[in-house]
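Structural features, examined
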Amino acid sequence: MDRIAEFRKWKVQCLSKADLSRKGSVDEDVVELVQFLNMRDEFFTTSSCAGRILLLDGGINGFEVQKQNCCWLLVTHKPCVKDDVIVALKKANGDATLKFEPFVLHVQCRQLQDAQILHSVAIDSGFRNSGITVGKRGKTMLAVRSTHGLEVPLSHKGKLMVTEEYIDFLLNVANQKMEENKKRIERFYNCLQHVLERETMTNLHPKIKEKNNSSYTHKKQRNQEKAHGQCITKENDKELENDDDDDLGINITIFPEDY
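Residues numbered from 1 in each chain as written. Predicted model: local features only at pLDDT ≥ 70, side-chain atom pairs only at ≥ 80, totals over all residues. Heavy atoms only, no water.

Quick look at the overall build of the protein now. What the protein contains, in helices and strands, is eight helices and 10 strands. Looking at the protein as shown, the accessible area adds up to about 15200 Å², and 49% of this sits on carbon and sulfur atoms. (Helix = DSSP H or I, 4+ residues; strand = E, 2+ residues; numbered from the N terminus. Areas by Shrake-Rupley, 256 points an atom, 1.4 Å probe, with all protein chains shown as cover.)

The grouping of Glu-28, Asp-29, Glu-179 and Glu-186 at the surface amounts to a negative patch. Examined against the element boundaries, Glu-179 turns out to sit in helix 5 (residues 164–204). (Patch = residues over 30% accessible without salt bridge, like charges linked within 9 Å, V, L, I, M, F, W, Y side chains within 5 Å. Salt bridge = Lys/Arg side-chain N within 4 Å of Asp/Glu carboxyl O. Lys, Arg positive; Asp, Glu negative; His and termini not counted. Charge placed at Lys NZ, Arg CZ, Asp CG, Glu CD.)

This part covers the confidence of the model for the protein. Predicted confidence across the protein gives a mean pLDDT of 81, with 73% of residues reaching 70 or more. Within the protein, the lowest mean pLDDT, 45, falls on helix 7 (residues 216–228), and the highest, 97, falls on strand 5 (residues 104–109). In this model residues 212–229 is a low-confidence stretch, pLDDT under 50, and it forms 14 contacts with partners more than four residues away in sequence or in other chains. Here residues 244–259 is a poorly scored stretch, pLDDT under 50, and it has 42 contacts once near neighbours within four places are set aside; other chains count. (pLDDT = per-residue confidence, 0-100. Contact = heavy atoms within 4.5 Å.)

The next subject is the packing of aromatic side chains. For the coordinates displayed, the defined rule picks out five aromatic pairs. Residues Phe-7 and Phe-44 carry aromatic rings whose centres are separated by 5.4 Å and whose planes lie at 45 degrees to one another, so their mutual orientation is tilted. Linking Phe-7 in helix 1 (residues 3–15) with Phe-44 in strand 1 (residues 43–49), this pair joins segments that are 37 residues apart in sequence. Phe-7 sits in the buried class, given a relative accessible area of 2%. With a relative accessible area of 1%, Phe-44 lands in the buried category. (Phe/Tyr/Trp six-rings, centres within 6.5 Å; stacked < 30°, edge-to-face > 60°. Buried < 20%, exposed > 50% of the residue type's maximum accessible area, 1.4 Å probe, protein only.)

In a regular helix each residue adds 1.5 Å, so 13 residues correspond to 18 Å; helix 4 (residues 112–124) covers 18 Å between its end C-alpha atoms and thus fits that length. Those residues of helix 4 not exposed but buried are Asp-114, Ala-115, Ile-117, Leu-118, His-119, Ser-120, Val-121, Ala-122 and Ile-123. (Expected span 1.5 Å × (residues − 1).)

This paragraph deals with the pattern of salt bridges. Going through the model one piece at a time under the given rule, you end up with eight salt bridges. One salt bridge connects Asp-114 with Arg-110, and the closest N-O pair in it is separated by 3.7 Å. The class for Asp-114 is buried, based on a relative accessible area of 8%. Several salt bridges converge on common partners, so that one network encompasses Arg-52, Lys-99, Glu-101 and Glu-151.

Judged by pairing direction, the sheet is antiparallel, and its four strands sit side by side in the order 3-2-4-8 without closing on themselves. Strand pairing shows two members of the sheet lacking a second neighbour, strand 3 (71–76) and strand 8 (150–153), which therefore form its edges. The average angle at which neighbouring strand axes cross in this sheet is 15 degrees, direction not considered. Relative to strand 3, strand 2 (residues 52–57) runs antiparallel, the two being bridged by five bridges. Its bridge partner being in strand 3, Leu-54 is matched across the sheet by Val-75. (Pairing = 2+ DSSP bridges. Axes fitted to C-alpha atoms, helices over the stretch in contact; angles between N-to-C directions.)

Attention shifts here to the packing of helix 4 against helix 5. The interhelical angle for the contact between helix 4 and helix 5, taken along N-to-C directions, is 145 degrees, at an axis separation of 9 Å. Judged by the sense of rotation from one axis to the other, the crossing of helix 4 with helix 5 is right-handed. Contact with helix 4, carried on its side by Ile-117, Leu-118, Val-121 and Ala-122, involves Phe-188, Cys-191, Leu-192, Val-195, Leu-196 and Glu-199 of helix 5 and no other residues of that element. The residue inventory of the contact of helix 4 with helix 5, partitioned by class, reads nine nonpolar, no polar and one charged. (Left-handed = near helix turned anticlockwise from the far one by under 90°. Nonpolar A, V, L, I, M, F, W, Y, C, P; charged D, E, K, R; others polar.)

Attention now moves to the sheet that holds strand 1. On the basis of which strands lie adjacent, the open sheet formed by four strands has the order 1-5-7-6 and antiparallel pairing. Where the open sheet ends on each side, the last strands, each with one partner, are strand 1 and strand 6 (131–134). Each strand of the sheet is rotated relative to its neighbour by a mean of 20 degrees, with strand direction disregarded. As paired elements, strand 5 and strand 7 (residues 140–144) share five bridges and run antiparallel to each other.

The next thing to look at is unusual backbone geometry. Positive phi, normally seen in glycine, also occurs at Lys-157, with a value near 55 degrees. Examined against the element boundaries, Lys-157 turns out to sit in the loop between strand 9 (155–156) and strand 10 (159–160).

Let us now look at the nonpolar core. Core analysis: the largest hydrophobic core is formed by 27 residues, its most contacted members being Leu-33, Leu-37, Phe-103, Leu-105, Val-144, Phe-188 and Leu-192. If you list the elements that add at least two residues to this core, you get helix 2 (31–39), strand 5, helix 4, strand 7 and helix 5. The residues contacting Leu-33, other than those within four sequence positions of it, are Phe-103, Leu-105, Phe-188, Tyr-189 and Leu-192. Core analysis: the next-biggest nonpolar cluster, separate from the first, contains 21 residues, Leu-55, Ile-86, Ala-88 and Leu-89 among them. (Core = buried A, V, L, I, M, F, W, Y, C linked by side-chain atoms within 4.5 Å.)

Now the structure itself:
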């Protein structure tokens, strides 16, 4: 079986499976993005989370939180208020931790160049911790991620260790991160539509593609900026430059790992 046929087989198998996440469905803020990718021949999504605020009650032996072995006291994909956290904290028996987890998306791609397109758009949109993994069986996965998370312990052995004023402060920070997270998702989706539409038009007109390829060596960097950079406005670009959380941007990373 050739690579294209095998990719199609994987896609059918993946999309026909039941959603085994806690929620059991795709988050509202990324439904259109996920559907858009799954309608394309080059991609299919394997998992996603739009971003969320969590209050987890872990064990009593230290602050390390393992989500599979802890109690979920509160989870929301929307801005959170202090009263909801205070009520949830009353149920804590161990070490409760407040977390903000930003948007994450895993996409299996038909070919490496397809993954590279998505990776470039992700980086330009502010998801600078994104990367590509190529497995031994030829599976090419793209993970869209950023680094502006938050994780703060609030209680120990069921005893609240911070003031309500501090909890209010933390929630303001978490809610701001949630709002920025939503902007980046919208930026990624809009830019992705633009770039893939451009790619489709190029593939439909071989003469345009041939002309682009003939000058590829001399204009590679400039063409990449035109294809991807135009999706970012000057205001957004300045905003990303000043984002300390995403200061450590990375380039494409390929790991020879089996899947």
